Amino acid sequence: MKQTLHSLFALALSVCIASFAKAQQPAPAGNLVIFLMDGYRWQELYRGADSAILFNNRWNHTDSAWTVKKYWAADAGTRRHMLMPFVWETIAAKGQLHGNRDLGNLVNVKNKYQFSYPGRSEAFCGYYDSAVNSNEYPDNPNTNVLEFVDQQPPFHGKVAVFSSWDADARIFNRHRNGMLVNIYGEDVTGTLTPLQKEANTWQHLLPDIFGKGERLDAATYAMAKAYLLANHPRVLYIDLGDPDDFAHAGEYGDYLDAAHDADAMFRDIWTTIQQDPFYKDKTALLVFPDHGRGEGDRWTDHGEDVGPSGQTYLLAMGAGVATTGEIKSAGQIYQRQYAQTIAMLLGLHFTAEHPVAEGVQLGR
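All of these numbers come straight from a predicted model, not from anything done at the bench.

A. Up close: the pattern of salt bridges. Counted according to the given criterion, the structure contains 18 salt bridges. Note that Arg-41 and Glu-44 form a salt bridge whose closest N and O atoms lie 2.7 Å from each other. The exposure classification of Arg-41 matches that of Glu-44, with both residues buried. The salt bridge partner of Arg-47 is Asp-102, with a shortest N-O separation of 2.7 Å. Taken together, the positions of Arg-47 in helix 2 (residues 42–47) and Asp-102 in the loop between strand 2 (95–98) and strand 3 (105–108) put the pair 55 residues apart, joining distant regions of the chain. The partly exposed category is assigned to Asp-102, whose relative accessible area is 46%. Through salt bridges that share partners, Asp-38, Arg-120, Asp-168, Asp-239 and Asp-290 make up one connected network.

The structure is reproduced here in structure tokens:
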């Protein structure tokens, strides 16, 4: 009798523990918003403005005194908050931040090229394809997680990409999958709201300061937000190019402004989401770059010969994401893990004709 009671007690206890553990795991997200910050370094994210670059006139050609006033403080914690207040006030309090190498927490690309097309391909395909070795590479032959999600009945026609860079049409191979991938110079078509019509018009009024094929992030964001309000996509990917372009131009003040503006976009989209019953408390937010950059005078560069440019980070918040804040323990994440992470957040398992790396367990 005692043995039977003991067995029943043990069984009941194990059920309770399992139920508690399950309750501690956040439910999958119903929706997902992803931002990519092209070429934005982990150094500024975690340390704020870099004094070696900020106080060097070589890299500041506009109002350097104003840039210093906006972004400089002696303390790194204050600097990073001045630069990206939403990240440090909200994502750090309610989500996760991976990749502070000063704490031994590492995030890296797996591809050796360390530039844009291969970085995006790795992140969204979950796979490092060494043949994808050029920004001029044609349509990506590898299946990406966004088209996989779009093929699932609950998400079909509810996945959208808005990018400042025209190469994303090839990276996500819209010719193969028919997804909405809006790029430089293209209007959103169909039945449009007044806000969408204005966003279409506005993009053509901004200067092409980076040349053909790249539009300013303000236009990309305006079009993406107008689409979100009008169409309620389940997955929205917004690809921001200003940080990389201003860095290549050697304009550190503009590079910092691009990061600060991106942070304001994160805040704005999150505020919008939390005020909309369709998205509120059912949506996750991810932020990551495609690659990093060099250090010192090589901060403008990235690539196979610039070692630190393979160093990146991952930010996450919202449904399906546990609240752990800035990760201060040693660890290693690779960019190829993001694709499966995206699928997992949506309660899916990404499979493709190529290998797919395991995801990051954001729910614990």
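Next, the rest of the story.
B. View of the packing of helix 4 (residues 64–71) against helix 5 (residues 76–83). For the pair helix 4 and helix 5, the least separation of the axes is 8 Å and the interaxial angle reads 110 degrees. In terms of their interaxial angle, helix 4 and helix 5 are classed as roughly perpendicular. Seen from helix 4, the contacting residues are Lys-69, Lys-70 and Tyr-71; seen from helix 5, they are Arg-79, Met-82 and Leu-83. Taken together, the residues of the contact of helix 4 with helix 5 break down into three nonpolar, no polar and three charged.

C. The arrangement of the environment of Glu-89 in detail. Tracing the chain through its elements places Glu-89 in helix 6 (residues 85–94). In this structure the C-alpha to C-alpha distance between Glu-89 and Arg-174, which are 85 residues apart in sequence, comes to 37 Å. Leave out the neighbours within four places in its chain, and Glu-89 touches His-81 and Arg-267. A distance of 2.8 Å separates the side chain of Glu-89 from the side chain of His-81, its partner in a polar contact.

Conventions used here
- Residues numbered from 1 in each chain as written.
- Predicted model: local features only at pLDDT ≥ 70, side-chain atom pairs only at ≥ 80, totals over all residues.
- Heavy atoms only, no water.
- Salt bridge = Lys/Arg side-chain N within 4 Å of Asp/Glu carboxyl O.
- Buried < 20%, exposed > 50% of the residue type's maximum accessible area, 1.4 Å probe, protein only.
- Helix = DSSP H or I, 4+ residues; strand = E, 2+ residues; numbered from the N terminus.
- Axes fitted to C-alpha atoms, helices over the stretch in contact; angles between N-to-C directions.
- Parallel < 35°, antiparallel > 145°, perpendicular 65-115°, else oblique.
- Contact = heavy atoms within 4.5 Å.
- Nonpolar A, V, L, I, M, F, W, Y, C, P; charged D, E, K, R; others polar.
- Polar contact = N/O pair within 3.5 Å; in protein donor to acceptor, adjacent residues only side chain to side chain.

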